[in-house]
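For reference, the chains in residue letters:
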Amino acid sequence: MPSCSEARLARAVFGPLGGVVEVGAVNSTGTWELADVSVGDFLARRRGDVERLLTGI
């Protein structure tokens, strides 16, 4: 079980990262309709980039 400070650090890192990923997914579709956006598809197309980023974190 992670300590409270570890959990807080994880939220501080991964919360904003999730927002950046969602903005990237929206930007890559060329639409502002969130129903037309798939974060999963966006991440699947960029798997190598995501793996390098998470390794660095």
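See above for the structure.
Everything numeric in this text was worked out from a predicted model, so none of it was measured.

A. Broad picture of helix α1 (residues 4–29). Counted at 1.5 Å a residue, the expected span for α1 with its 26 residues is 38 Å, and the 37 Å between its end C-alpha atoms agrees. Taken together, the buried positions of α1 are occupied by Leu17, Val21, Gly24, Ala25 and Val26. Contacts made by the buried residues of α1 are with α2 (39–45) and α3 (47–56).

B. Structural context of the nonpolar core. Residues Leu17, Val21, Ala25, Val26, Val37 and Phe42 constitute the largest nonpolar core, which totals six residues. Ranked by the residues each element gives to this core, the list is headed by α1, at four residues. Every residue in contact with Val26, bar those within four places of it in the chain, is listed here: Thr31, Trp32, Leu34 and Val37.

C. Region of interest: the environment of Leu34. Note that Leu34 resides in the loop between α1 and α2. On the accessibility criterion, Leu34 (54% relative accessible area) is exposed. With twelve residues separating them along the chain, Leu34 and Glu22 place their C-alpha atoms 9.4 Å apart. Among all residues touching Leu34, those that are not within four sequence positions of it are Glu22 and Val26.

D. Structural context of a nonpolar patch on the surface. Together, Phe14, Leu53, Leu54 and Ile57 line one region of the surface with nonpolar side chains, adding up to about 360 Å² of accessible area. Residue placement: Leu53 occurs in helix α3.

E. How the structure looks around the pattern of salt bridges. A complete count under the given rule lists two salt bridges for this structure. Note that Glu51 and Arg47 form a salt bridge whose closest N and O atoms lie 2.9 Å from each other. Separated by four residues within a single helix, Glu51 and Arg47 lie in helix α3, roughly one turn from each other. Relative accessible area serves as the criterion here: at 57%, Arg47 is assigned to the exposed category. Where Arg52 meets Asp49, a salt bridge forms, and the shortest distance between an N and an O atom there is 2.3 Å. Here Asp49 and Arg52 lie together in helix α3, a separation of three residues that amounts to about one turn. Under the relative-accessibility criterion, Asp49 is labelled partly exposed at 43%.

Reading guide: rules and limits
- Residues numbered from 1 in each chain as written.
- Predicted model: local features only at pLDDT ≥ 70, side-chain atom pairs only at ≥ 80, totals over all residues.
- Heavy atoms only, no water.
- Helix = DSSP H or I, 4+ residues; strand = E, 2+ residues; numbered from the N terminus.
- Expected span 1.5 Å × (residues − 1).
- Buried < 20%, exposed > 50% of the residue type's maximum accessible area, 1.4 Å probe, protein only.
- Contact = heavy atoms within 4.5 Å.
- Core = buried A, V, L, I, M, F, W, Y, C linked by side-chain atoms within 4.5 Å.
- Patch = residues over 30% accessible without salt bridge, like charges linked within 9 Å, V, L, I, M, F, W, Y side chains within 5 Å.
- Areas by Shrake-Rupley, 256 points an atom, 1.4 Å probe, with all protein chains shown as cover.
- Salt bridge = Lys/Arg side-chain N within 4 Å of Asp/Glu carboxyl O.

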